[in-house]
Amino acid sequence: MNDRTSALDTLVFGVDIQSGDVRGDAPSYALVAFDGENLDRDVVSHRKLRRLLDREEPAMLATDNMYELAADKDDLVRFLRALPAETTLVQVTGAERPEPLSRVASRHGVPYGKKPMKEAEAAARLAAANVGHEVSAFGDTTTVKVSRGRSTGKGGWSQDRYTRRIHGSVKRRAREVKKRLRQANLAFETDVTEKYGGYANAVFTVEAPPSEIPVSRGRSGDTRIEIERERHDGIEFEPIVKRRDHVVVGIDPGTTTAAAVVGLDGRVLDVYSTRTADTAAVIEWLIERGRPIVVAADVTPMPETVEKFRRSFDAAGWTPNSDLPVDEKLHRTRDAAYENDHQRDALAAALFALDDHEDQFDRISQKVPPDVERGEVISRVVAGEESVEAVLRELEDDEPHEEAEPEHEERELSEDEKRIRRLETRVERLESHVEDLNETIDDREETIEEYETKLSEAKREERRKARERREVKRFERENDRLERRVETLEGENEALDEKLERLKRLWKLDHSNFADVDTDGDLVSVKVIDQFTRDAIETADEEYGLAAGDVVYLRDASGAGRSTAERLAAVDPRVVLRSGGNLSEVADRILFEHEIPVAPADDVTIQEVDELAVARESDVEAAVDDWERRAESRRKERKASMVDQIISEHRAETRSESR
C-alpha cells in the first residue's frame, strides 16, 4: 500500500519569485493554480496574491522557500496569521534544512524547470502529492475576547449610567458567545473582569482553530470581539503525511471493539475503542497509524474477529499460552494511558506480543545493514517466515543498476557527412521551433478570445457589483439610522428602568413587610436627606423622588445657604424635620418665607425600614400644628417690629422737618 494519499481533489497554489525581492523592491510571483487536472498560470504582485488567497481559499500554498513570501520570521508570522483558516503554507523542499527543489521533484517524478513558472508548477504538483512540510506558527488554541467597543468617557452628569450600559452590553455579548461555544461542543475556559454594571471584558480560551469557532470578529454597538490564535515560540514544521512505521497491534473484540498500536521500540502510539464503527473503520484507523507486523489477542485461541484483522494486514498472529490474567494486564499497562478496560486489554495484548518477539527483533536488527530499513526486514521475516539473508538479497536485487553501455567504435565521418548531419539537425530544430511558434500563436489567439470573453463578463459583473454597492450603501444608511434609533431607545429604556426602580422603592411602604410596624394604619413615609446640601438633595431626588407634600428628614440641618434652601423650598414639602445642628439664619428665613414648616426631629418618632423611613401621622400633624403656632407668633412679632420701625422712622422725619 502506498504511504501517501492523494490531495488532487483540492485546489493548490504553487508560487515562486518572478522578479524583485520581498526584502526590498515590490516582488512579483509566478503563480500556478492546480486542481489535479487543470493548471492556471499567472504573474501576480504580493498584494494580488493575498487577494487571491482570500478569495479562492486554496487548501495549500506551496513554495520551495517560505522566506520568498516574508522578509523575516516576524513578517512570516504576520503572513501566516493573515492566511485563510482553510489554507496551509507548505514548504515542499523540507523543514529547517530544505533540499534543492530539482532534487525533490526528480525523486517524486514531477516535471521541473529552472524558470519561475516551472518551479511554481513543480511546487504545486509536489504539494498536491502530499510532499513537504506544513509551516505553522500557531497552535490549535484560540483566544476570543469580548470587550468594550466604546470608551466610558471622562465624566459628566450621566457618566454612571453610560458606564453601566456599556458594561451591561459586554456581559450580554459574552453570554451569547459562551452559549454558541457550548452549542458547538467546544472545550473552553473563561476569564471575566467584572466592573460596575457588568463586565469590562471576558476572555474565552477555546481548544479549537478559528475556523471551528462559531463567532466572528468585529465591533457591534458598545462591544467588540477579537479572535487570535495561540502562537508557538517559533516556526514549526509538520510533515503533511507522517511516515507509516511498522508496528505491533493488539485487538480486543466484542460489543466494544478496542485496538492498540505499539511501536517496535516499545512506545505506545495510540489506543482506540468504539461501539459503532465496523471492521473496515477500525482497519482504516490502524492504516493511518502504521503497518502491522504482528496482530495480537489477550486470549487463546485467537478470536475469529482478530483473525480477520490479521489476514487483512497479512501479519503474524500472537496469542498467549493461556488467557492473560487481569492482574498481569494491569501490571504491564501501568505506565500507559487508557480510558476503559477494553483499551487496556488490547494494549496488554500488544505489549505482551512485543515482549515475546523482542529477542527475535534484536537478532534481525543486528543482521540488517544501516542503509536498509529495519522494519521492512522484520516484517518479511516475522510475517512472511523468510530468512534475513533471503530478504536482504531480494531487497538488494530490487535496487536499480546502471547498465553498461556496449563498447563499439564509430567510423569517422567525412566532412560532407558531418555537414549534412549538422544541417539536418538544424532543420529539425528549426522545424520544431516553427511548430512551437505556431502552437504559441494558436494559444495566444485562444487566450485573446478568452480575455475578450472575460472582459465582457467582467464588465457585466462590474455593472452588477455597482448596483449592489449602491444597494449596500442604501442599506448601510438605513442601518446607521436604525442603530441611532436603537441607541436612543436604549437610553430612554434605561431612564425608565431607573424611574421604575425608584417607584418600586417608594411602593415598598405598601408591602406586607410593614405589617409589624404599621399596626394601626397611622404611618407616613419619610424621605431622608443626609445633609442639607444641594448634592444630597439631588441624590435623594434620584433615589426616591422628592415631591410636593413629602415629609423630609434632614439628618444634618446645618450649613445650608440661600440656594440650598431655595432648592428644598422648590420641592414644597409638607414638613422638614431637622436634627444634627440648627438651621442657618438664611435657610430658616427662606423656608419661613415659603411657609414650609420646620420642626425638630426629636418631636417625631422616626423608624427606618430598609432604605426608607416612616413616622406616625399623628406626630407629623402635631409637629405641623406646633410650627403653625410658632409661625403665627413669629408673624405677629415681625408685624410689631415693622410698626415700631415705621413709627420710629416717622418721628425722625418729623423732628428733621421742624428744625
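Let me sum up the structure you'll find in this document. (Residues numbered from 1 in each chain as written. Predicted model: local features only at pLDDT ≥ 70, side-chain atom pairs only at ≥ 80, totals over all residues. Heavy atoms only, no water.)

Now for helix α13 (residues 534–543). Turning to α13, its buried residues are Ala536, Ile537 and Ala540. One side of α13 carries all its buried residues, which in axial view fall inside an arc of 100 degrees. Every exposed residue of α13 that faces more than 90 degrees away from the buried side is listed here: Asp535 and Glu542. Looking at the buried residues of α13, the elements they touch are β16 (523–531) and α14 (562–571). Following α13 by one or two positions, Gly545 adopts a phi angle in the positive range, close to 85 degrees. (Buried < 20%, exposed > 50% of the residue type's maximum accessible area, 1.4 Å probe, protein only. Helix = DSSP H or I, 4+ residues; strand = E, 2+ residues; numbered from the N terminus. Arc of directions from axis to C-beta. Contact = heavy atoms within 4.5 Å.)

A general trend in soluble globular proteins is that nonpolar side chains are found buried together. Counting 30 residues, the largest nonpolar core has Val248, Val294, Phe361, Ile364, Val377, Ile378 and Val382 as its most contacted members. Secondary structure elements with two or more residues in this core: β12 (257–263), β14 (291–296), β15 (316–318), α9 (341–367), α10 (374–382) and α11 (388–398). Ranked by residues supplied to this core, first place goes to α9 with 11 residues. Not counting the four nearest positions on each side in its chain, Ile378 is found in contact with Leu264, Ile293, Phe361, Ile364, Ser365 and Ala383. Counting residues in each nonpolar core, the second largest holds 27 residues, with Ile17, Tyr29, Leu80 and Leu89 among its members. (Core = buried A, V, L, I, M, F, W, Y, C linked by side-chain atoms within 4.5 Å.)

For strand β2 (residues 28–34), a buried count of 7 out of 7 residues is recorded, marking the element as mostly surrounded by other parts of the structure. A two-sided burial pattern is seen for β2, the buried positions comprising Ser28, Ala30, Val32 and Phe34 on one face and Tyr29, Leu31 and Ala33 on the other. In this structure, strand β1 (residues 12–19) lies alongside β2, joined through 7 bridges in antiparallel fashion. Note that in β2 the partner of Asp16 across the bridge is Ala30. Here 7 bridges tie β2 to strand β3 (residues 39–45), and the two strands are oriented antiparallel to one another. Looking at the pairing, Tyr29 lines up with Val44 of β3. Here β2 hands over to β3 after 4 residues, with Gly36 in that stretch at a positive phi of 105 degrees. (Pairing = 2+ DSSP bridges.)

Before going further, it helps to spend a moment on a negative patch on the surface. The grouping of Glu431, Glu435, Glu439, Asp442, Asp443, Glu445, Glu446, Glu449, Glu450 and Glu452 at the surface amounts to a negative patch. Along the chain, Glu431 turns up in helix α12 (residues 415–507). Glu431 gets classed as partly exposed once you look at its relative accessible area, which sits at 48%. (Patch = residues over 30% accessible without salt bridge, like charges linked within 9 Å, V, L, I, M, F, W, Y side chains within 5 Å. Areas by Shrake-Rupley, 256 points an atom, 1.4 Å probe, with all protein chains shown as cover. Salt bridge = Lys/Arg side-chain N within 4 Å of Asp/Glu carboxyl O. Lys, Arg positive; Asp, Glu negative; His and termini not counted. Charge placed at Lys NZ, Arg CZ, Asp CG, Glu CD.)

Turning our attention to the pattern of salt bridges. Tallying each qualifying case throughout the model produces 38 salt bridges. A salt bridge links Arg267 to Asp265, with the nearest nitrogen and oxygen atoms 2.8 Å apart. Connected through shared salt-bridge partners, Asp298, Lys329, Asp341, Arg344 and Asp345 make up one network.

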